[in-house]
Amino acid sequence: MSNLTLALAILGGLVLAAVVAFNTVTSRRNAPRQPDVAGNDLSEADRPSSSSDGVEPMLHVDPHQMPGHERHEPLFDPDLPAPAGSAVPTAERRGGLDPLIDVIAPVSLDGLASGDAAIAAMPSTRRAGSKPVAIEGLNEHTGQWEPPVPGQRYSAFQVGVQLANRTGALNEIEYSEFVVKAQAFADAVNGALEFPEMLDEVARARELDQFASAHDAQLGFVLRALHAAWSPGYVQQNAARLGFVAGIIPGRMVLPTSEAGLPPILGLSFDTQAALADDPAQSAIRELSLSLDVPQVDRAEQPFRRMREAAATLAREMDGVVTDSDGQLLREDTMDVIGADLEQLYDTLESRDLAAGSPLARRLFS
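These numbers come from a predicted model, not from an experiment. (Residues numbered from 1 in each chain as written. Predicted model: local features only at pLDDT ≥ 70, side-chain atom pairs only at ≥ 80, totals over all residues. Heavy atoms only, no water.)

Undergrad: How should unusual backbone geometry be read in this particular structure?
TA: Most of the time, phi is negative for any residue but glycine, and the peptide bond is trans. Phi angles above zero are rare outside glycine, and Asn190 is one such case at about 60 degrees. Inspection of the secondary structure puts Asn190 in the loop between α3 (172-188) and β8 (191-193). Here Asn190 falls in the exposed class, since its relative accessible area comes to 63%. The phi dihedral of Asp353 falls on the positive side, at around 60 degrees, and the residue is not glycine. Looking at where Asp353 falls in the secondary structure, it is placed in the loop between α8 (332-351) and α9 (359-364). (Helix = DSSP H or I, 4+ residues; strand = E, 2+ residues; numbered from the N terminus. Buried < 20%, exposed > 50% of the residue type's maximum accessible area, 1.4 Å probe, protein only.)

Undergrad: Explain the environment of Phe185 to me, please; I cannot follow it from the model alone.
TA: By the secondary structure assignment, Phe185 is in helix α3. The exposure class of Phe185 is buried, given its relative accessible area of 0%. Not counting chain neighbours up to four residues away, the residues in contact with Phe185 comprise Ala118, Ala121, Met122, Ile135, Phe157 and Val159. (Contact = heavy atoms within 4.5 Å.)

Undergrad: I tried to follow the pairing of strand β5 (residues 153-162) on my own but got confused; where do I start?
TA: It is a general feature of regular strands that their side chains alternate between the two faces of the sheet. In terms of residue burial, β5 counts as a mostly covered element, since 8 of its 10 residues are buried. The sheet contact formed by strand β1 (residues 102-114) and β5 spans 9 bridges and is antiparallel. Within the sheet, the bridge partner assigned to Val107 lies in β5 and is Phe157. Across 6 bridges, strand β3 (residues 131-139) lies against β5 in antiparallel orientation. (Pairing = 2+ DSSP bridges.)

Undergrad: I keep staring at the environment of Gly111 and nothing clicks. Help me out?
TA: Relative to the helices and strands, Gly111 resides in strand β1. Gly111 sits 79 residues away from Asn190 along the chain, and the two C-alpha atoms are 9.4 Å apart.

Undergrad: Any chance you could explain the confidence of the model for the protein here in plain terms?
TA: Taken residue by residue, the protein gives an average pLDDT of 83. The fraction at 70 or more is 74%. Scored below 50 in pLDDT, residues 39-95 makes 137 contacts in the model with residues more than four places away or belonging to other chains. (pLDDT = per-residue confidence, 0-100.)

Undergrad: I tried to follow the pattern of salt bridges on my own but got confused; where do I start?
TA: Pairs may arise between side chains of opposite charge once their charged atoms sit close together. For the structure on display, the rule yields 18 salt bridges. Note that Arg299 and Glu350 form a salt bridge whose closest N and O atoms lie 3.0 Å from each other. Placement of Arg299 in the loop between β13 (287-293) and α7 (303-318) and of Glu350 in helix α8 is noted, with a sequence separation of 51 residues between them. By relative accessible area, which is 22% here, Arg299 ends up partly exposed. With a relative accessible area of 37%, Glu350 lands in the partly exposed category. (Salt bridge = Lys/Arg side-chain N within 4 Å of Asp/Glu carboxyl O.)

As structure tokens, then:
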């Protein structure tokens, strides 16, 4: 073999090695980032379930309105009883039902009725159209309004329907459905029912809905990868370090409150398909969203401050940037403006006895 042939062979080998090395480096750079195995914060029990009820929509950074000014469907089963809860105390408040956000029809009795009879008389679905319906009894012994309980006796009942929620205001058709269900219950317990005037209540529902629509706030930040994409495990590990836990929906994590049973402070979501992939480690995620449903979270939890801190920390640790849904960078001065607007919103809600995080606000903004 001549010196020229040998030199060409060596040169060709070097070029081939350089190409292989370049491809390897490029592949590693483009591969989704993986969690730190030694410091993985998520056990298998903490990982999202493989069953999904759907994906929450991306939220815009608008402190007063949802996109298009629409109000969204409540996330509860229409065949379940309406949530009662204890409302913000007011002079007129009666039981879980509250005249501030409910139509209330009293049911008078000649004597006492048992809780068992009241439960048997309940309508099969506690809903009039899209509005929750609730029934309460005045307990003979405690003198308190409560949902009927077996073994207790009641001297009166009241049937209520919610005036508005994120589906809109109570309308005439829903009011008529409420009347039918309430009357059937009253007949079953041998009670006399008195209904408020329909047109007055529908007008009140529209006014409440207008207020709620103008003061609804669901905020969203988008965290976008600057360079390498992220694997689901990498996202989950970094979010878990900030206190997020796996949600029911794959690709969904939440920052829970200190009190069990309350809505989460923040939500974090990414592509559901990536979370459900056969090999999640090879799924590439280039963006995730942080969300805050303002009326659902108590002001004392400082949810917006925690949202900003979580976004900044994740961006720093995961090599990303914080933007709105259109890809515009969210700078500190923009965040400050949103925070100031939220403080005004909190004050307005409190002035209407609908403080963020209160049972009344959670019912109305659901």
